[in-house]
Amino acid sequence: MPRPLLSLVLLVTLPGVLAAQGSLDRSPNVSGDWVVRPGVVQFNFIHRFVRSPAPVRKVTNFPTFLLATSVLKGTTLGFNYATNSTLAPAYPNEWEFFLRAQPLTQAKGFPLDVGGQVDWNVAADGLDGELSLARAIGPVRLMAVGRALSDPYTTDGGAVFAFGGGGALKLTRHLALTGDLVSLTDPSAARGEKAAWSAGLAIAIPSTPHTLSFHATNTNTATLQGASRGAKQVRYGFEFTIPITLARYFGRKPAPAPAPAAGAAAAAAPGHVAEGPVTGTPFKSAMQAMQFSNQSIEIAVGTTIEWKNEDPVPHTVTADDGSFDSGMIDGGQVWRYTFTKAGTYPFHCTPHPFMKGTIVVK
Ligand SMILES: [Cu+2]
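Residues numbered from 1 in each chain as written. Predicted model: local features only at pLDDT ≥ 70, side-chain atom pairs only at ≥ 80, totals over all residues. Heavy atoms only, no water.

**A look at unusual backbone geometry**
Note the cis peptide between Ala54 and Pro55, where omega equals 5°. Take Pro55: it is sitting in the loop between β1 (40–51) and β2 (59–69). A positive phi angle, close to 55°, is found at Asp125, a residue other than glycine. Considering the arrangement of structural elements, one finds Asp125 in the loop between β5 (113–121) and β6 (126–137). We classify Asp125 as exposed; its relative accessible area is 55%. (Helix = DSSP H or I, 4+ residues; strand = E, 2+ residues; numbered from the N terminus. Buried < 20%, exposed > 50% of the residue type's maximum accessible area, 1.4 Å probe, protein only.)

**A short note on the side chain of His215**
Checked against the element boundaries, His215 lands in strand β11 (residues 211–217). Ignoring anything within four residues of it in the chain, the contact list for His215 reads Pro28, Arg48, Ala199, Gly200, Arg235, Tyr236, Gly237, Phe238 and Glu239. (Contact = heavy atoms within 4.5 Å.)

**Here's the deal with the environment of Trp335**
Assignment of secondary structure puts Trp335 in strand β18 (residues 334–338). For Trp335, a relative accessible area of 9% gives the class buried. Placed 30 residues apart in sequence, Trp335 and Ile305 show a C-alpha to C-alpha distance of 8.3 Å.

**What about the packing of aromatic side chains?**
Note on aromatic pairs: each is described by the distance of the centres and the angle between the planes. Counted according to the given criterion, the structure contains 16 aromatic pairs. Both rings, one in Phe79 and one in Phe97, keep their centres 5.9 Å apart while their planes meet at 55°; by these two values the pair is tilted. Highlighted residues: Phe79 in strand β3 (residues 75–82) and Phe97 in strand β4 (residues 94–104), separated in sequence by 18 residues. Note on Phe97: relative accessible area 42%, which makes it partly exposed. With a centroid separation of 6.3 Å and 65° between ring planes, the pair formed by Phe324 and Tyr345 is classed as edge-to-face. One end of the pair, Phe324, is in the loop between β17 (318–319) and β18; the other, Tyr345, is in strand β19 (residues 343–348), and 21 residues separate them in sequence. Using a relative accessible area of 3% as the deciding quantity, one classes Phe324 as buried. Each residue in the set Phe292, Trp307, Phe324, Trp335, Tyr337, Phe339, Tyr345 and Phe347 is aromatic and connected to the rest through ring pairs, giving one cluster. Its end group placed over the ring of Trp34, Arg100 keeps NZ or CZ at 4.8 Å from the ring centre. (Phe/Tyr/Trp six-rings, centres within 6.5 Å; stacked < 30°, edge-to-face > 60°. Lys NZ or Arg CZ within 6 Å of the ring centre and 35° of its normal.)

**Focus on the pattern of salt bridges**
Evaluation of the coordinates by the stated rule reveals ten salt bridges. Between Arg141 and Asp113 there is a salt bridge, with its nearest N and O atoms 2.8 Å apart. Of the two residues, Arg141 is situated in strand β7 (residues 140–150) and Asp113 in strand β5; the sequence distance between them amounts to 28 residues. Of the two residues, Arg141 and Asp113, both sit in the buried class. With its nearest N and O atoms 2.9 Å apart, the salt bridge here joins Glu306 to Arg336. With Glu306 in strand β16 (residues 304–309) and Arg336 in strand β18, this residue pair connects regions lying 30 residues apart in the sequence. Judged by relative accessible area, which is 11%, Glu306 ranks as buried. (Salt bridge = Lys/Arg side-chain N within 4 Å of Asp/Glu carboxyl O.)

**Considerations on the coordination of the copper ion**
The copper ion binds to the protein through His315 (ND1), Cys349 (SG) and His352 (ND1); the donor distances cover 1.9 to 2.1 Å. Positions of the donor residues of the copper ion, expressed as sequence spacing, correspond to H-x33-C-x2-H. With His315 in the loop between β16 and β17 and His352 in the loop between β19 and β20 (356–361), this residue pair connects regions lying 37 residues apart in the sequence. Here His315 matches His352 in class, with each residue buried. (Donors = N, O, S within 2.8 Å, 3.2 Å for Na, K, Ca; no water.)

**Remarks on the confidence of the model for the protein chain**
When pLDDT is averaged along the protein chain, the result is 85, and 85% of the positions lie at 70 or above. Between residues 1–20, whose pLDDT stays under 50, and residues either more than four places distant or in other chains, the model counts 42 contacts. Low pLDDT, under 50, characterises residues 252–276; the stretch is placed with 42 contacts to residues that sit more than four places away or in other chains. (pLDDT = per-residue confidence, 0-100.)

**Quick word on the sheet that holds strand β13 (residues 283–288)**
Across the sheet, which stays open at both edges, the four strands sit in the order β14-β13-β16-β18 with mixed pairing between neighbours. In this open sheet, the two edge strands, each paired with only one partner strand, are β14 (291–292) and β18. (Pairing = 2+ DSSP bridges.)

**Structural notes on the nonpolar core**
Core analysis: the largest hydrophobic core is formed by 21 residues, its most contacted members being Trp307, Val317, Phe324, Phe339 and Ile359. Residue contacts for Trp307: discarding those within four places in its chain leaves Ser285, Ala286, Met287, Phe292, Val317, Gln333, Val334, Trp335, Tyr337, Phe339, Phe347 and Ile359. Residues Met143, Leu149, Ala162 and Leu224 belong to the second largest nonpolar core, which totals ten residues. (Core = buried A, V, L, I, M, F, W, Y, C linked by side-chain atoms within 4.5 Å.)

Written out as structure tokens, the structure reads:
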């Protein structure tokens, strides 16, 4: 297969790690201003539809595409493109170009996730802003949001405001219930503006970096403008999230890992390699963002290597010659192996053959 075609096939079938947020930590109308991890391009696709009454029963679709990437760590630059928007009269192609930042996070020890977005909405011909606060408490993540939106019906830069909240309840690692309620402070009955709401079921597809959210909502598009206005009719639809890890296609070669001194090099058992208790200090490595974090490891005979899978998808550590094989290591799990014979051991990950490394045992 020609290389560009192969790349395309990989791009479609093996997208990158769940780096940006999937749909399990947010709700359809409240994004929480998630940001993309550096080196990742995020592509999200939302498809919603309504069916007109009998006898026509015409299905009308409301898609929104999101493409975004990181410019600086903790920030995201991207756009939403909704191809069947009802926001501004006679303006169905709604573009929103946004810049997001999430400077404070619970992961870094702050009590809340604090994020914000500014965007230019082309259909509304104006600037929008959002501030969001979120906090995870056990399996629940609660979000609050305040928005200042340019008024799509005026040309004098008039502003409207919206406030709302959302939540996600994680039932398992792969399943969450989500919901939200957002309203303009002064919805216009004449324009049919109602409070926006959604109810959904979000699924992390096992062994992939994708999430899928099935939801019902009364909003048309996923822009700040669109997610602040409900309509009369209920839309049913889904969102599919695709994080694409660039390192996979434009491979970087990290420097070889430093060689730690072997703890108990003398006690090398006879034979090839052995799986067993840790002797001495293990050499710690990991799987991160669909790569082995140490692709070249040099150790002394008798050293144990400990791999931690920091991805949400399972990986393996498998010798190319079959001399060792971890089997599936789930996200968060650790696997250890003690190398008792000198040699060079190329290894890979069985479900992701592009993940490769070499261990030199001296
Ligand atoms: Cu893998």
